[in-house]
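Listed below are the residues making up each chain.
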Amino acid sequence: MKNPADSIIQCGDMAFQLKDEVVSLISFVGDVTAALWEGIRHPKRLRWKDFLFYMNTCGPDGVPITIMISALMGVVLAYQAEVQSHKYGADNFLPMVIGCTILRELGPLMVAIVATGRSGSAFAAEIGTMKISEELDALRTMGIRPTRFLVVPKMWAMLFMLPLLTVIGDFVGCAGGYMVMRSELGMPLDVFLRLTRQGVAVKYFIEGVLKSVVFAYIITMTGCWRGFRTGSDAIAVGRSTTSAVVTSILFIVLTDAFLAKLFTVFYGWQG
Amino acid sequence: MADNNAANPAPAAIEVRDLSIGYGSRVVLDNLNFRIEPGQIVTILGGSGCGKSTLLKHIIGLYKPLRGDILINGRSIVTADEQEKRSIMSEFGVAYQGGALFRSLNLAENIALPMEELTNWTRAEIRKRVSEKLALVHLNGFEKYMPSDLSGGMIKRAAFARALALDPKLLFFDEPSAGLDPLTSDMLDKVILEIREKTHATIMMVTHELPSIFRVSDRVIMLSAEKKGIVDDGSPAYLRDHSADEYVRTFLSRGGTYKSNSTEPDHA
Ligand SMILES: Nc1ncnc2c1ncn2[C@@H]1O[C@H](COP(=O)(O)OP(=O)(O)O)[C@@H](O)[C@H]1O
Ligand SMILES: [Mg+2]
């Protein structure tokens, strides 16, 4: 029979492990943020070539999959909404529902999840591989801070590119919604646009884009952090890639819930 | 250790005191003590997995030891704060066992990186020095090659060249010639001796190449996994003839009179 004391010890061990993880994440976030700030003050110290490289891999290379996912999301959302609200003769509300949902929530969220799978995992794998091949050690003996060298270019690239991808995703998602409106309800484009403009405030668009900036920060931070925490064997890289994606999506959804509430409260104050 | 300092006023290039190192709670090497004088070329010998790379990585300050102290020119790298540690590390040149070239940079950029990051040299000056270092290891002409397009031996030589980038005072080579053909390996030996001649650098290296050990090393420190420590320490020729340890004698005299069954340690 298992000794109850063992279980208590196990719980204690887990608590300590969790504490280690949290401490490591917090100090990593601090380190990267300091390096970002240093980059703003001394732009010459930024690794421009790497920055452009990651701009390309995080941005243009991700456009096709972003368009596909966002369009499908718009279609699915519009279809489900249409089936329900048609029963109540609320067709004219549909463009508002679609627009608000996509701009405020689904657009930024889906684009961020796609970017986690594409870029966040790639960051973890890249840094994890560098750890195993002693490249991180080599950086440190050269007196180069790995955060400045490896994380900052990725971070800037993501901070620029994810909002742009989100704008694309928003647009394509709404276009997908319109396709459904037209085929199911025969709604003409000018009507759809008018109803959308009436129901969807510009601030919702801005809210979504701001969220995507936060998501970019989370994706890069988590991906790189997991990379640096990679163990010392080759299987460890796979493990940290997986956990980068899982951890990042978890943080994104939590943050999204928090931000949704925050923005709603903020709009309430505005009246 | 105060009397030790009094007898030797000039600090050792590397001094290791009561050092225990390992990973987590696992001790790999226990209670090491040695000093390496400036300008010495020291070879660390020992079976695979006995902790040679681990020792090197602790001495260059990548890991914190479990116990004990490591002094570089009299300054402790163990207790140094971040800034002092960086200043100590700036005198190191390291070639890692697997090369550790940066995959996203081509050969020339790899060797230029420490120069770009740590000096104020102009682009032209850097370019000149990069081709100097590449010529040293016979890699000129490969500047634009990415590490993934180089052979294992070329990567080793490139890593060697990168370690020399800033003409450091302390050089660490982890198996620089493992897997190289004998001629290339001879060439690296020649480069090592030239460096010592020119810059009086202190060199600590891990290698199993006997000819290389006898040609360049002033001293051999033999480690053992069973003892978790130093088995013997002395000049290669002296250890070959007079070591109290059977394995050390056998290993070092393997050279000319190689007998496959005599390379196994008797006590293993
Ligand atoms: N990063 C690490 N984490 C945990 N154990 C390690 C690590 N690196 C090496 N070891 C272990 O430490 C021992 C010594 O390894 P190493 O110093 O690489 O040996 P050598 O270079 O002499 O062949 C080995 O048993 C190895 O498994
Ligand atoms: Mg080794």
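The structure under discussion appears in the preceding block.
Residues numbered from 1 in each chain as written. Chains lettered and ligands numbered in written order. Predicted model: local features only at pLDDT ≥ 70, side-chain atom pairs only at ≥ 80, totals over all residues. Heavy atoms only, no water.

### Quick look at the overall build of chain B
The cut-off we apply is this: By the criteria applied, helices consist of DSSP H or I runs no shorter than four residues and strands consist of E runs no shorter than two, each listed in order from the N terminus. Values of the radius of gyration come from C-alpha atoms, whereas the globule rule sets the reference at 2.2 Å times the count of residues to the power 0.38. Exposed residues in this analysis have more than 50% of their type's maximum accessible area, buried residues have under 20%, and partly exposed residues fall in between, with area computed by a 1.4 Å probe over protein chains only. We call two residues in contact whenever any of their non-hydrogen atoms come within 4.5 Å of each other. For the charge count, each Lys or Arg is scored as positive and each Asp or Glu as negative, with His and the chain ends excluded. For this purpose, a charge sits on NZ of Lys, CZ of Arg, CG of Asp or CD of Glu.
When helices and strands are tallied, chain B shows ten helices and ten strands. Relative to the 2.2 N^0.38 estimate, which gives 18 Å for 268 residues, the radius of gyration of chain B is 19 Å and therefore close to what a compact globule would have. Along the longest, intermediate and shortest principal axes, the C-alpha atoms of chain B span 55 × 45 × 35 Å. Across the 268 residues that make up chain B, the buried fraction comes to 52%. Of all intrachain contacts in chain B linking residues separated by at least 6 positions in sequence, the fraction that spans at least 24 positions is 62%. Measuring between centres, the 32 positive side-chain charges of chain B sit 3 Å from its 35 negative side-chain charges.

### Concerning the overall build of chain A
Keep this limit in mind: All accessibility values rest on the Shrake-Rupley procedure with a 1.4 Å probe; residue burial counts only the protein chains present in the view.
Helices and strands together make up the secondary structure of chain A, namely nine helices and zero strands. When the helices and strands of chain A are listed from N to C terminus, the series reads α-α-α-α-α-α-α-α-α. Here the C-alpha coordinates of chain A stretch approximately 65 × 60 × 40 Å along the principal axes. Counting every position in chain A, which comprises 271 residues, the buried fraction comes to 48%. Intrachain contacts of chain A at a sequence separation of at least 6 include 88% that bridge at least 24 residues. Accessible area of chain A: about 13,800 Å², with a carbon and sulfur share of 71%. Counting 24 positive and 21 negative side-chain charges, chain A places the averaged centre of each group 6 Å from the other.

### Digging into helix 7 (residues 189-199) of chain A
Residues and elements named next belong to chain A. The line we're drawing: By arc we mean the arc of the directions from the helix axis to the C-beta atoms, nothing more.
Those residues of helix 7 lying buried are Phe192, Leu195 and Thr196. Along the long axis of helix 7, the arc covered by the buried residues comes to 100°, so they all point the same way. Facing away from the buried side of helix 7 by over 90 degrees, the exposed positions are Asp190, Arg197 and Gln198. On its buried face, helix 7 sits against helix 4 (94-132) and helix 6 (146-185).

### A word on the nonpolar core
The following threshold applies: In plain words, nonpolar cores are sets of buried Ala, Val, Leu, Ile, Met, Phe, Trp, Tyr and Cys residues tied together by side-chain atoms within 4.5 Å. Source of the domain bounds: an automatic or database domain assignment.
Residues Ile14(B), Leu55(B), Ile59(B), Phe92(B), Phe172(B) and Met204(B) are the most contacted members of the largest nonpolar core, which totals 80 residues. It is helix 6 of chain A that contributes the most residues to this core, eleven residues altogether. Built from parts of two domains, this core gets at least three residues from each of domain 1 (12-91 + 168-254) and domain 2 (100-159) of chain B. Those residues within four positions of Phe172(B) in sequence are excluded, and the remaining contacts are Ile14(B), Leu56(B), Ile59(B), Ile60(B), Phe92(B), Gly93(B), Val94(B), Ala95(B) and Met204(B). Listed in part, the 35 residues of the second largest apolar core include Ile111(B), Met115(B), Phe173(B) and Val191(B).

Limitation: the analysis is restricted to geometry and does not speak to function.
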